[in-house]
Amino acid sequence: MKLSAGLVGLPNVGKSTLFNALTKSSVPAENYPFCTIDPHIAIASVPDERMQKLQKIYESKKIVPATFHFVDIAGLVKGAASGEGLGNQFLGNIREVDLILHVVRCFADSLVTYDARELDPLLDYDIVATELMLKDLESVAKRRHKIEQLLKIAKNKPLEYKELTEEDALLVAIQAALEGQGIERVQELVAQSTVKTIELLAAKKFLIVANIGEGEVENGRYRYNAHYQRLVERFGSQKVIPISAKLENELAQLSAQEAAEMSAMMGLVRSGLEIIIEKSYQSVDLITFFTCGPQEIHAWPIKNGTSVRLAAGEIHSDLQRGFICADIFNCKDIFVALSQVKLKDTGKIRTEGQDYRVQDGDVVHVKFNV
């Protein structure tokens, strides 16, 4: 399953430096850790300590982690919704991603050019958010005009007329939110409604990447950064990821041992990149199931709530087409039993039909006939 996050931000906030860290963090290898597939897209492996445990139990030759795509989206300037700068390209690229990562600058540096105004990451975010909403207002107006025409045609089709009327009512509420209530209200309206309508840029899930100075990383000093504190106050700590893009880029160019030593010196328990990857993965409601054997441990990302038959299709289309049933257990159980034979003896391995909803951490063996 290919899902992606787009890095967006005003010029000189550290977006490109962060993207470079993603692409340089590791060379392409058999376990597919980080790889640039074109100048503006990087594939990152999703950190998952369960894979190493499974590899040890199955004595597998290799592991193949779940992956997530990151897109370096063209820089934005005020007026993008009207086509200023690379506005059309910027907004088109955002439409294609599943999650928006707003990169905002929370450090002062006379050597790194910034807008003439005072440093203000909240205003930076609001500029980008405004451009998204302005573009959505244009899209909503076009759709409402189309609905007006369709309602005339559907006068004698009660069901179709009702659906169009409900959609128009939703769009009226969304238009009011876009004009004065903000992105948060747009997202509430879309999440609460069962009515289908056009895709909205402002409705996309997002995280805030607070780009802090190198000196604020050590032992969590960023917590005292006033800009970071304001971001957390507005968006909540779960949505704000503190990271020094410059430091992460430097770490990405070191060997694994050198990076570990430098991180330890600075009191870093986990790299900022790992946290970004993990939170991006979780934010689009992905879970992981595994296929295990002596050749490889393979992690498969799927949407939470996916049936086992559809999950089998992620492995190979033949498995979905000829699905019979699946033998399933959760990796937590084998971490206790330490072997599949012991799991079978204790009745922990279940046989499930096509409607079973795969759970995070499930190990799946599909039986099929084509």
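This section reports on the structure supplied with the text. Values in this document were obtained by computation on a predicted structure and should not be read as measured data.

Formed by 89 residues in total, the largest nonpolar core has its most connected members in Leu18, Phe68, Phe70, Leu101 and Leu231. Beyond its immediate stretch of four places on either side in the chain, Leu101 contacts Ala5, Gly6, Leu7, Val8, Phe70, Leu207, Val209, Ile276 and Ser280. In terms of nonpolar packing, the next biggest core, distinct from the first, is built from 15 residues, Val308, Ile328, Val358 and Val364 among them.

Per the stated rule, a full pass over the model turns up 19 salt bridges. With a closest N to O distance of 3.4 Å, Asp120 and Arg230 form a salt bridge. In this pair, Asp120 sits in the loop between β6 (99-105) and α4 (121-153) while Arg230 sits in helix α7 (residues 226-235), placing the two residues 110 residues apart along the sequence. Residue class for Arg230 comes out partly exposed when judged on its relative accessible area of 34%. Across the salt bridge formed by Glu167 and Arg143, the nearest N and O atoms sit 2.8 Å from each other. Taken together, the positions of Glu167 in helix α5 (residues 158-181) and Arg143 in helix α4 put the pair 24 residues apart, joining distant regions of the chain. Taking relative accessible area as the criterion, Glu167 reaches 5% and is therefore assigned buried. One continuous salt-bridge network, built from bridges that share partners, spans Asp48, Arg50 and Asp360.

Listing the buried residues of helix α6 (residues 183-192) in full gives Ile183, Val186, Gln187 and Leu189. For α6, the buried positions fall inside an angular range of 160° around the axis, keeping them on one side. When the buried face of α6 is taken as reference, the exposed residues oriented beyond 90 degrees from it are Ala191 and Gln192. Those residues of α6 hidden inside the fold are in contact with α4, α5 and β7 (205-211).

Relative orientation of the contacting elements α4 and α5 amounts to 155°, with a least axis distance of 10 Å. With respect to each other, α4 and α5 are oriented roughly antiparallel. The way α4 lies across α5 gives a crossing that is left-handed. Where α4 abuts α5, its residues Met133, Asp136, Leu137, Val140, Arg143, Arg144, Ile147, Leu150 and Leu151 lie against Tyr161, Leu164, Thr165, Glu167, Asp168, Leu171, Val172, Ile174, Gln175, Leu178 and Glu179.

Rules used in this analysis
Numbering of residues starts from 1 in each chain and follows the order in which that chain's sequence is written. The model is predicted, so local features are restricted to residues of pLDDT at least 70 and side-chain atom pairs to those at 80 or more, both for listing and for counting; the totals for chains, interfaces and linings are taken over all residues. Hydrogen atoms and water are omitted, and side-chain values are computed over all heavy atoms in the structure. Working definition of a nonpolar core: buried Ala, Val, Leu, Ile, Met, Phe, Trp, Tyr and Cys residues. They are joined through side-chain atoms within 4.5 Å. Residue exposure (1.4 Å probe, protein chains only): buried if accessible area is under 20% of the type maximum, exposed if over 50%, otherwise partly exposed. Working rule for contacts: check all heavy atoms of both residues, and any pair within 4.5 Å makes them a contact. Salt bridges are defined as contacts in which a side-chain nitrogen from Lys or Arg sits within 4 Å of a carboxyl oxygen from Asp or Glu. Every helix listed is a DSSP run of H or I at least four residues long, and every strand listed is a run of E at least two residues long, numbered separately from the N terminus. In this description, the arc belongs to the directions extending from the helix axis to the C-beta atoms. Geometry is summarised by axes, namely lines fitted to C-alpha atoms with helices restricted to the contacting stretch, and by angles between N-to-C directions that run from 0 to 180 degrees. Relative orientations are named as follows: roughly parallel for angles under 35 degrees, roughly antiparallel for angles over 145 degrees, roughly perpendicular for angles from 65 to 115 degrees, and oblique for any other angle. Note on convention: the crossing is left-handed when the near helix lies turned anticlockwise from the far helix by less than a right angle, right-handed when the turn is clockwise.

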